[in-house]
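Structure assessment
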Amino acid sequence: MASTTAGDIALDATAYAGASDRYSTEVPHKPGPSVDDISRSLQRFNWPDYVVFVLMLLVCMVIGVFFGYKDHQKHKRQKHARRGSEALDYLVGGRKMKIIPVAVSLIASWISGISLLGTSTEIYVYGVQYCYIISAVAVMAVAMNYIFLPVFHDLQITSAYEYLQMRFDKRMRLLGSILFTLASILWLPIVIYVPALAFNQVSGVNIHIITPIVCLVCIFYTSLGGLKAVVWTDVIQTGVMVGAMIIVIVKGTADVGGLSVVIERNLAGERFEPPNFDLDPTERNTFWTLLIGGTFFWTSTNSINQNMMQRYLSLPTLGAARKALVLFLLGTVTLLAMCCYNGLLIFAMYHDCDPLSTGLAKAKDQLVPLLVMEVLGDYPGLAGLFVAGIFSAALSSLSTALNSLSAIVLEDFCKPFVSKPLTETQTRYIMRFAVLAFGTLAVMMVIVVEKMGAVLQLSMSLGPVTIGPLFGLFLMGFFFPRINGSCAIVGSVAGLALMSYIVIRSQISIALKEIVFIEKPVTVSGCQYEFTPKNGSLYVDAAVPGEKSIHHVSFLYYCMIGSLVPTVVGYLCSFVLPRSKTDHIDPLLLAPFLRRFYRPNVDEKANHMTEVLHEFETKDIQL
């Protein structure tokens, strides 16, 4: 959920209110065109742009048909294929995927359309402090390499939440799957809605026309081609996304006068700043919130997120998964750097006429498409390429989530509750129906998201409510053998309750302007068109915050609190409730550096040398 991403948090953060000193000038009165005239003149999405956009969708459909037909012919030839081969191919590509396509798919799954728009907006509004999140990305990669990937790859599971049953019991597996499903349902409509807003900004097409069309294409190729189609469409989509960003950056930099002008204007606009080492946890962005809180967020959304882990498990060996992790790290850091620079470029372009103050951009997440039309609007097809890139990022995240949800439905919601093993035909229909059902639900919820803006803001903050306690379950399983299922449930309930309070209470405080964060200064002194300032004035009264409480803590700490509280509570409960017998725990379920201390007894070792992990495969476990 890959569910909730680093850029998703950046976009969410822009919901915080700004202070009055953000605006530095009075409204200038200059005769000329109105802001509406300028807005209409920038909607130059012509037929070459539509052609480029439609071609991208057609390529995705062709890839889905190709892999769907290929797998169908394979199963048709293999009349005596072992049971479960349909699920093995559809969900993890037969565990024979290649490193580079999987690494690109990981990048595409993580960098959603929200990330592309939100990270740039973050830099424009709040400066470059968020860029130091890269330090947390590096720590996440170390944890993935030495702790999480070895455990999941040794177990060769399909659903990451199978681990919870193997380590605790069926209750925990069901709880983990429900938490992931709820987080995905809240996240999917936002993934679709944000790029639809961008499309509306550049073309004027209603979002309720474009979202069903794009989602139907995604549902089609995901349900038909499975993981292979998802991965290879991700490769194409990532190429479009990166290529479009490079064109905008190069052309936009040239238009403002070169790199030196971009740097000069951002220095004057106070966008550049060194790391803030303030230890106050209620500060919005500091080096410590980014390093500590960011590490928990990035690790939780990569290491135990079904969207991401399913791709690592599609590779044949642990070594291949680690290589894919390195490529994912390099690609993600590169894209984050590009998004950050894009935010600097937006400010350099509008340094003397803030489009948010004038209403040229109706929302903060429309700054990037506004820049695109300013830079590429006169070049047929290029604006369409960039919009195709934004939708490519959204489609890659959507298809990944749909494929992962089909795995959860099959492995966690169906197989454990049926008396007889599912046939290949039943498996096929269950997986594809799950893709169709969740895709349709996402399209329907776009209407809810649009009509209820508060729901959009709240849903984008709900990620840590579920991700935090879910990550806490895995921390308990990996690092604390004495914690059993009952203790884990108590800890999870405590974490869910606390995070629900923090998030809901913080949203109320934001609405009441009890939580106020200073935005970087802007000006409208150079505007060459007439406009009416939002709310009738360029000035916003800043509320004086009262005493700070736990809900004032930076949003970057949400995942840390949500995962550590369940772990601590669960560990304390192990001293009250009966704890697990450590010699009954399979060492493969623990972090690699703990395995030497916990070995099963001789009798159990003999009985568990071969462990049936799925209906479609067995694995000889070397203890």
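Note that the coordinates shown come from a computational prediction; the quantities given were computed from them, not determined experimentally.

Let's talk about the overall build of the protein
A count of helical and extended segments in the protein gives 23 helices and two strands. When the 623 residues of the protein are sorted by exposure, 60% land in the buried category. For the protein, the accessible surface area stands at approximately 23,600 Å², while carbon and sulfur atoms represent 66% of it.

Things to note about the pattern of salt bridges
This structure, assessed with the given rule, holds five salt bridges. Residue Asp169 pairs with Arg171 through a salt bridge whose shortest N-O separation is 2.8 Å. Across the salt bridge formed by Asp255 and Lys251, the nearest N and O atoms sit 2.8 Å from each other. Remark: Lys251 and Asp255 occur in helix α10 (residues 207-256); sequence separation between them is four residues, near one turn of the helix. Since its relative accessible area comes to 40%, Asp255 is described here as partly exposed.

Describing helix α12 (residues 287-303)
Taking 1.5 Å as the rise per residue, α12 with 17 residues should run 24 Å; its terminal C-alpha atoms sit 23 Å apart, in good agreement. Taking the largest bend as the criterion, α12 deviates by roughly 35 degrees, centred on Gly294. The element α12 is extensively covered by neighbouring structure, given that 13 of its 17 residues are classed as buried.

Section: a nonpolar patch on the surface
On the surface, Val490, Val568, Leu572, Phe575, Val576 and Leu577 cluster together into a nonpolar patch covering about 560 Å² of accessible area. Topologically, Leu572 is positioned in helix α22 (residues 558-573).

Digging into unusual backbone geometry
For residues that are not glycine, phi is negative in most cases, and the peptide bond is trans in most cases. Positive phi values are uncommon outside glycine, yet Glu270 reaches one of about 65 degrees. In this structure, Glu270 sits in the loop between α11 (259-268) and α12.

Considerations on the packing of helix α7 (residues 134-155) against α12
The contact between α7 and α12 brings their axes to 8 Å, and the two run at 30 degrees. By the angle between their axes, α7 is roughly parallel relative to α12. Relative to α12, α7 is oriented so that their crossing is right-handed. For the pair α7 and α12, contact is made by Ser135, Ala136, Val137, Val139, Met140, Ala143, Met144, Phe148 and Phe152 and by Phe287, Leu290, Leu291, Gly294, Thr295, Trp298, Thr299, Asn302 and Ser303, respectively. Class assignment for the residues of the contact of α7 with α12 results in 12 nonpolar, six polar and no charged.

Focus on the packing of aromatic side chains
Tallied over the entire structure, the rule returns 19 aromatic pairs. Measuring from ring centre to ring centre gives 6.5 Å for Phe296 and Phe471, while their planes differ by 80 degrees; the resulting arrangement is edge-to-face. Of this pair, Phe296 sits in helix α12 while Phe471 sits in helix α20 (residues 463-479), and the two are 175 residues apart along the sequence. Overall, the relative accessible area of 3% leaves Phe471 in the buried class. Ring centres of Tyr571 and Phe575 lie 5.2 Å apart, and the angle between their planes is 80 degrees; on these two criteria the pair is classed as edge-to-face. For Tyr571, a relative accessible area of 30% puts it in the partly exposed group. The residue whose ring lies beneath Arg482 is Tyr571, and the NZ or CZ to ring-centre distance is 5.7 Å. In this structure, Arg482 is placed above the aromatic ring of Phe575, and the distance from its NZ or CZ to the ring centre is 4.0 Å.

What about the environment of Leu330?
When you line up the elements, Leu330 lands in helix α14 (residues 318-349). Measuring from C-alpha to C-alpha, the distance between Leu330 and Ala138 comes to 9.8 Å, with 192 residues separating the pair along the chain.

Focus: the nonpolar core
Counting 175 residues, the largest nonpolar core has Phe53, Phe152 and Tyr163 as its most contacted members. The contact partners of Phe152, leaving out residues within four places of it in the chain, are Ile157, Ala160, Tyr163, Ser303, Ile304, Met309, Leu313, Phe474 and Phe478.

Some remarks on the confidence of the model for the protein
Confidence in the prediction of the protein, expressed as mean pLDDT, is 76, and 78% of residues score 70 or more. Considering only residues more than four positions removed or in separate chains, one finds that residues 1-21, a stretch of pLDDT under 50, has 96 contacts.

Notes on the environment of Tyr501
Tracing the sequence through the fold places Tyr501 in helix α21 (residues 485-511). The exposure class of Tyr501 is partly exposed, given its relative accessible area of 42%. C-alpha of Tyr501 to C-alpha of His551: the two residues are 50 residues apart in sequence and 7.8 Å apart in space. Here Tyr501 is in contact with Ile550 and His551, once residues within four sequence places are set aside.

Brief notes about the packing of α11 against α14
Each pair of packed helices gets described by two things: the angle between the helix axes and the distance between those axes. Direction vectors running N to C along α11 and α14 enclose 80 degrees, while the axes themselves pass 9 Å from each other. Here α14 runs roughly perpendicular to α11, going by the angle between their axes. Residues Leu259, Val262, Arg265 and Asn266 of α11 form the contact with α14, whose own contacting residues are Tyr341, Leu344, Leu345, Phe347 and Ala348. Classifying every residue of the contact of α11 with α14 by side-chain character gives seven nonpolar, one polar and one charged.

What counts, and where the lines are drawn
Residues numbered from 1 in each chain as written. Predicted model: local features only at pLDDT ≥ 70, side-chain atom pairs only at ≥ 80, totals over all residues. Heavy atoms only, no water. Helix = DSSP H or I, 4+ residues; strand = E, 2+ residues; numbered from the N terminus. Buried < 20%, exposed > 50% of the residue type's maximum accessible area, 1.4 Å probe, protein only. Areas by Shrake-Rupley, 256 points an atom, 1.4 Å probe, with all protein chains shown as cover. Salt bridge = Lys/Arg side-chain N within 4 Å of Asp/Glu carboxyl O. Expected span 1.5 Å × (residues − 1). Bend = angle between axes of the 7 residues up to and from the residue. Patch = residues over 30% accessible without salt bridge, like charges linked within 9 Å, V, L, I, M, F, W, Y side chains within 5 Å. Axes fitted to C-alpha atoms, helices over the stretch in contact; angles between N-to-C directions. Parallel < 35°, antiparallel > 145°, perpendicular 65-115°, else oblique. Left-handed = near helix turned anticlockwise from the far one by under 90°. Contact = heavy atoms within 4.5 Å. Nonpolar A, V, L, I, M, F, W, Y, C, P; charged D, E, K, R; others polar. Phe/Tyr/Trp six-rings, centres within 6.5 Å; stacked < 30°, edge-to-face > 60°. Lys NZ or Arg CZ within 6 Å of the ring centre and 35° of its normal. Core = buried A, V, L, I, M, F, W, Y, C linked by side-chain atoms within 4.5 Å. pLDDT = per-residue confidence, 0-100.

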